[in-house]
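# Understanding the architecture of this molecule
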Amino acid sequence: MESRLLRAPVTALRFVGGARLVAGEGPNVVVYSLDADGREAGIHWQSVLRNHRIHGIKEQRSPSPEAEQRTLAVFGGKGLIVLELCVRGKEVSLFELCQLCELHDWIWDLQWLAGSTGTLTYVGLALGHNSVALYDYASHRTLQELHCEEKCILYSAYLIGDSWDELVVVAGTVFNQLVVWRVADGSNEEARIKPQRRVSGHDGVIFSICYLKSKGILASASDDRSIRVWDVGDLQAPRDPVRCLLVCYGHQSRVWSVRLLSDYLISIGEDSACIVWNYNGEVVQSFRGHKGRSVRAVAVHEAQGWVATGGADTGVRLWHIRGPESNGNGLVQLNFSPPHRNGSPKAVKLVDASRLLVMTDAGAIYSYDLASKRWALVMEDANYQAYSLLEVVQLASGIVLCAMGNLTGHVKVFSLCCSTESEEKRLYGGKVHSLSWAVCPGVDPSRRVLFVSGPGGVLLWLEVSCCSSGRVASVVEKCCYLLPVCRHRWHTSIAFLPQEGLLVCGDRRGSLLLFPCSTALGSGTEQMLKAGQGDVADDPVGHGLVCKDSGDKPGLISSQGEGNCPMQGPISLLFGLHGKLGVTSVTCHDGFIYSTGRDGCYRQLRVQDQQLQVLRKQKPCKGLEWIEQLHFTPDGNLLVLGFHTSYFVLWSTRTNEKLHCVPCGGGHRSWSYGRGLASEVFVYIKSGDILVYQSRCRPSRQHVLREPLHGREMTCVRHVGTIRTHGCWLVDILVTSSEDMTSNVIAVSESSHSLTPLAAIGDHISSVRTLAVASGSWQKETSDWSAVLFSAGGRAQIECYRLLLSCDHDARNGLTCQVIHVASHHLDEHWDHMRNKHRVIKMDPETRYMSISVVAGTDAPCLFLAAACSDGSVRRHFLCSAATDGSIAFWDITATIEHAAAAQELESGELQPLGRCFPAFGAWGCLPGHLLAAMAAATFLCSRGDCCCLPLVVIELFFSQLWGPRP
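Residues numbered from 1 in each chain as written. Predicted model: local features only at pLDDT ≥ 70, side-chain atom pairs only at ≥ 80, totals over all residues. Heavy atoms only, no water.

## Some remarks on the overall build of the protein chain
For clarity, the threshold we go by: Secondary structure elements follow DSSP: runs of H or I of four or more residues count as helices, runs of E of two or more count as strands, with numbering from the N terminus. Residues count as neighbours in contact if any of their non-hydrogen atoms are within 4.5 Å of one another. Here the accessible surface of atoms and residues is derived via Shrake-Rupley with a 1.4 Å probe, and residues count as covered only by protein chains that are part of the display.
The helix and strand inventory of the protein chain stands at 2 helices and 76 strands. In the protein chain, the share of contacts with a sequence separation of at least 24, taken over all contacts with a separation of at least 6, comes to 47%. A total of about 45,100 Å² of accessible surface is found on the protein chain, and carbon and sulfur atoms cover 49% of it.

Structure below.
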């Protein structure tokens, strides 16, 4: 059996030459060709270590840095092999210079050595029981092996020296010590060498050692979460005592590896962080992008300033180290003091990345230029003091429009260049609750749309036009909408749907509403408004004219508004979609609607038959409980703006890292974010002053060389189907689940030996233990491949999705995947509404679904799901179950399925197993198994248990007279 494709944790990395990164993934060597900026330009892989996992890669010194041929020693476990890496243009090839060498002990480190006769086939090997061996890989012979007097198991080792006689061993022992000994020192009566010195200081075992000869320092990384730097001088001429120069604490878990550079030291750890330190013990940079528990490998190209990391998530990333110069990031306080300015700041808005506007509680508006650092008074109006709103938008021509709202229902609109010539209207008898600028498709670029919310849920559409000089020419009321009855009845964001004639609105109650762009009311809605009928039962099409909030009774939406405009209710309503804290933004991108809220999630929606339909809910990262905006970048990245406790966070979904983290005090304050070509600006009000965070550093230059899969153990894999792309390539679609609470949809191409993640699903609140897939089919009307996916796991949770796979020339592997969330189920979700609770045993919240399966013979739209639980119960309908007592039970569910399919009430009574079988593993237990084949009345069952056995059982069913004669 041959492995055609393998994705495993990356355990070794090495830069070879100027533009090659060699990685060890399980037994495979993967060579990444890089361009000048560090992006992946080609991949070549080859399996070399068979059943061993690669632990290290060492390059033999080459006379020329641009040589086309490089000799590499690859080792791991007890295996060693020597390869020749050949580069001819863009083609990369690997040739084995020897067969796989199997040693008697684990190999911790390798050093290329020069032989006495000038041979280049000798290597020094540091072995797992504190010994060192001289090995000739050409003849597969151990020429000499020496042992240290310190008899112990090693957790790490480092070899120094160019010849066997000069070889120095630095060993990290199980006793939390560094033991230094030399091959040239004489041995005792037991043929063991006495250590020259022992270095103590760590409180845990030592996982990594690195030595920098030019500085005479040694670094060690330990289980105690620290990195220590020691002054050891020249190890060829040892001196006492050894001083500890530096202790670095910054990792949240164990530190796996450390590297020493001329200006920095770099460490990686179990907390999935890669930290760059200076020699004062200060953190210079911190890279956090890998999923899960660990970054396992690191390599540094000091000349290029590259750091490559490989994780347990099977991903490989390349980072850029910033230079010693200032990075341009900084927090500046503007000192907005009342003696020089009228009032205290109440609202702040960025015009662009270089200008901001500030509104005070005295009704004054000031502008500030970040480049010249100068203030200027724009306008002052006492009618807008105490309570006021400010919204700003910049037109394509560069004209900046400002809108203000006050407590008496007035709205003033003016341009920044002609602030003295404004248009003011009184729209409401009460205060203006919210203002929003929006871009209407197909409208003259000199016009903008302003939406204004007032008392009674009245939402006005105002069209603002400008003259060529920049002055506001007119403000015209175009349409009037009515928001549903609820406690917080005003809008928070609005976006037009391109080519749909619709607009989608988010309100403070957390609801999403869909309105038509025309002023003409639909006949059904208009009649209901005129007749004063607004009951939910009278609204079968879901116009959403009535909604119910906790503490509020269903109420009638009044059609009495200000002015003569008819009021239009929503044609579609998703009430409380983002919870009671409100919707924060609505964005239209690539044919979909995206909404964000203070519930920490963003949702993807679409409009179908003029109704809003939620496709899926996503949580970008753990701890981001408030999401404010989404930014789609031109290169396809999605940036998430939000707040984590008192910090403003800019999160990249592509690289899975925080790009910025500003301690602003939280989102319950006026703030604004702007992004320019060369800088990013975040401005906010805190303690009566204005603070500006500016980032002038170059854009993030992290490159994902290999996409990650899962950050923790994989629990299940299911095959969805095989699709032929436009290029006539066959691509297999798989779904994987993991302990990291996610499921991944991936495309596997055997022809190109590639594996590409298509979609990630993260709706579970605990681990995903098992998956089930209903047979897929082609949708003729959309040319999509459709399949139904079930996922189940911890906390007794089941989720159901529809996967829509379509061919796309521009996508990787020629495929795209759209995930639609269909339904979810918890065993205890109805507990709070259950009557007579005292008579029912409550569901254990720790119950887990161990295995699920779609019952054969059931087709959509009615699918039957079989589920086995950790509490010993079999729920839904099941064919065969396995238990920890070592038994396998078969259940007769034919009548049950027939009755359920006919929508008839099931008769009470327990299902009884047809039979039980006890394979040879007795009381060791039985885990989920699979029916391999069914021939006539005989069935082959393969089950697995924790006894390390794989029994194959033949089951033969004998039919009674009730079922007819046996076939």
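## Some words on the UniProt feature "repeat: WD" (unreviewed entry) in the protein chain
Applicable threshold: UniProt positions are given in the numbering used here, feature names are shortened, and annotations may be inferred rather than shown by experiment.
As recorded in UniProt, the feature "repeat: WD" (unreviewed entry) lies at residues 199-232. In this annotation, residues 199-232 is assigned 0% helix and 62% strand; the end-to-end C-alpha distance for the span is 10 Å.

## Some thoughts on the pattern of salt bridges
Heads up, the condition is: Salt bridge, as used here: a side-chain nitrogen of Lys or Arg that lies within 4 Å of a carboxyl oxygen of Asp or Glu. For every residue, the accessible area obtained with a 1.4 Å probe (protein chains only) is divided by the maximum for its type, and the residue is called buried under 20%, exposed over 50%, and partly exposed between those limits.
In this structure the tally under the stated criterion is 19 salt bridges. One salt bridge connects Arg 471 with Glu 421, and the closest N-O pair in it is separated by 3.2 Å. With Arg 471 in the loop between strand E41 (458-466) and strand E42 (472-482) and Glu 421 in strand E38 (residues 418-426), the pair connects residues that are 50 residues apart, well separated along the chain. Residue class for Arg 471 comes out partly exposed when judged on its relative accessible area of 29%. Its relative accessible area of 41% is what places Glu 421 among the partly exposed residues.

## So, the nonpolar core
Note the following rule: Nonpolar cores are built from buried Ala, Val, Leu, Ile, Met, Phe, Trp, Tyr and Cys residues. Side-chain atoms within 4.5 Å join them into one set.
In terms of nonpolar packing, the biggest core is built from 34 residues, with Val 29, Val 74, Leu 80 and Leu 125 touching the most fellow members. Contributions of two or more residues to this core are made by strand E1 (10-16), strand E3 (28-34), strand E6 (69-76), strand E7 (79-88), strand E8 (91-96), strand E10 (107-113), strand E11 (122-127) and strand E12 (131-136). For this core, the element with the most residues is E7, which contributes 6 residues. In this structure Val 74 touches Val 29, Val 48, Leu 49, Ile 54, Gly 56, Ile 57, Gly 79, Leu 80, Ile 81 and Leu 83, once residues within four positions along its chain are discounted. Listed in part, the 24 residues of the second largest apolar core include Val 432, Trp 437, Leu 450 and Val 475.

## Some points on the confidence of the model for the protein chain
The predicted coordinates of low-pLDDT regions are not to be read in fine detail. Selection rule: Per residue, pLDDT captures the predictor's confidence, and it can take any value from 0 to 100.
Per-residue pLDDT for the protein chain has a mean of 81; in total, 80% of the residues score no lower than 70. Here residues 519-563 is modelled with pLDDT under 50, and outside its nearest four sequence neighbours on either side it reaches 83 contacts, counting other chains as well. In this model residues 957-967 is a low-confidence stretch, pLDDT under 50, and it forms 11 contacts with partners more than four residues away in sequence or in other chains.

## Things to note about unusual backbone geometry
Across residues other than glycine, the phi torsion is negative in most instances, and most of the peptide bonds are trans. One non-glycine residue with positive phi stands out, namely Arg 50, at about 55°. Tracing the backbone through its elements, the reader meets Arg 50 in the loop between strand E4 (40-47) and strand E5 (56-59). Accessibility expressed as a relative area gives 63% for Arg 50, which makes it exposed. Look at Ser 687: it is not a glycine, yet its phi comes out positive at around 55°.

## Digging into the sheet that holds strand E43 (residues 491-497)
Hydrogen bonding along the main chain pairs the strands of a sheet, whether they run parallel or antiparallel. Where we set the bar: Following DSSP output, two strands are said to pair if at least two bridges run between them. An axis is simply a line fitted to the C-alpha atoms; with a helix, the fit covers only the stretch in contact. Between two such axes, the angle follows the N-to-C directions and lies from 0 to 180 degrees.
Here 4 strands make up an open sheet; going across it, the order is E43-E44-E45-E47 and the pairing antiparallel. Either end of the sheet is taken by a strand with one partner, and the two such strands are E43 and strand E47 (572-574). Averaged over neighbouring strand pairs, the angle between their axes works out to 20° when direction is ignored.

## A closer look at the packing of aromatic side chains
Threshold: We call Phe, Tyr and Trp rings a pair once their centres come within 6.5 Å, taking the six-membered ring for Trp, and we label the pair stacked below 30 degrees between planes, edge-to-face above 60, and tilted otherwise. In our convention, an over-ring charge means Lys NZ or Arg CZ found within 6 Å of a ring centre and within 35 degrees of that ring's normal.
Across all of its chains, the model carries 21 aromatic pairs by this definition. Ring geometry for Tyr 594 versus Phe 632: centroids 5.0 Å apart, planes at 55°, classification tilted. Separated by 38 residues along the polypeptide, Tyr 594 in strand E49 (residues 592-597) and Phe 632 in strand E52 (residues 626-632) bring together distant segments of the chain. Between the aromatic rings of Phe 648 and Tyr 673, the centroid separation amounts to 6.0 Å while the plane-to-plane angle is 40°, which identifies the pairing as tilted. One end of the pair, Phe 648, is in strand E54 (residues 647-652); the other, Tyr 673, is in strand E56 (residues 671-675), with 25 residues separating them in the sequence. No difference in accessibility class separates Phe 648 from Tyr 673, as the two residues are buried. Three or more aromatic residues joined by ring pairs make a cluster, and in this case those are Trp 626, Phe 643, Phe 648, Trp 671, Tyr 673, Phe 682 and Tyr 684. Directly above the aromatic system of Trp 256 lies the positively charged group of Arg 296, at a separation of 4.6 Å from the ring centroid. The aromatic ring of Phe 336 is capped on one face by Arg 341, whose charged end is 5.5 Å from the ring centroid.

## Side note on the sheet that holds strand E20 (residues 217-222)
Strand order in the open sheet formed by 4 strands is E19-E20-E21-E22, with antiparallel pairing between adjacent strands. Whereas interior strands pair on both sides, the edge strands pair on one side only; in this sheet they are strand E19 (206-212) and strand E22 (243-249). For this sheet, the mean angle separating the axes of adjacent strands, direction not counted, is 20°. Here 6 bridges tie E19 to E20, and the two strands are oriented antiparallel to one another. Across the sheet, residue Ile 206 finds its bridge partner in E20, namely Ser 222.

## Points about the side chain of Gln 818
Take Gln 818: it is sitting in strand E67 (residues 815-826). Since its relative accessible area comes to 15%, Gln 818 is described here as buried. The contact partners of Gln 818, leaving out residues within four places of it in the chain, are Phe 592, Gln 604, Leu 615, Arg 802, Leu 803 and Leu 804.

## Re the pairing of strand E28 (residues 306-311)
The element E28 is extensively covered by neighbouring structure, given that 6 of its 6 residues are classed as buried. Along E28, one buried face is formed by Trp 306, Ala 308 and Gly 310 and the opposite face, lined by Val 307, Thr 309 and Gly 311, is buried too. The sheet contact formed by strand E27 (residues 295-301) and E28 spans 6 bridges and is antiparallel. Bridge pairing in E28 places Val 295 opposite Gly 311. Hairpin connection between E27 and E28: a loop of 4 residues separates the two successive antiparallel strands, and Gly 305 in this loop has a positive phi of roughly 75°. In the sheet, E28 pairs with strand E29 (residues 316-320) via 5 bridges, with the strands oriented antiparallel. Of the residues in E29, the one forming a bridge with Gly 310 is Val 316. Connecting E28 to the next strand, E29, in antiparallel fashion are 4 residues, including Thr 314 with a positive phi near 70°.

## Section: the environment of Leu 331
Within the secondary structure, Leu 331 is located in strand E30 (residues 330-333). Between the C-alpha atom of Leu 331 and that of Pro 663, which follows or precedes it by 332 residues, the distance is 9.9 Å. If sequence neighbours within four positions are ignored, Leu 331 has contacts with Val 662, Tyr 684, Leu 691, Val 692 and Tyr 693.

## Details of a nonpolar patch on the surface
Spelled out, the test is: The residues that make up patches have over 30% relative accessible area and no salt bridge, and they are joined within 9 Å when like-charged or within 5 Å when they are Val, Leu, Ile, Met, Phe, Trp or Tyr.
A contiguous nonpolar surface patch, about 360 Å² in accessible area, is contributed by Ile 153, Tyr 155, Val 174 and Phe 175. Within the secondary structure, Ile 153 is located in the loop between strand E13 (141-148) and strand E14 (154-160).

## Looking at the pairing of strand E35 (residues 388-394)
Note that E35 and strand E36 (residues 400-406) share 7 bridges and pair antiparallel. Considered in E36, the bridge of Gln 394 is made with Val 400. Here E35 hands over to E36 after 5 residues, with Gly 398 in that stretch at a positive phi of 100°.

## Some remarks on the environment of Cys 467
Mapping Cys 467 onto the fold places it in the loop between E41 and E42. Take Cys 467: its relative accessible area is 24%, and that puts it in the partly exposed class. With 21 residues separating them in the primary sequence, Cys 467 and Ser 446 have C-alpha atoms 7.7 Å apart.

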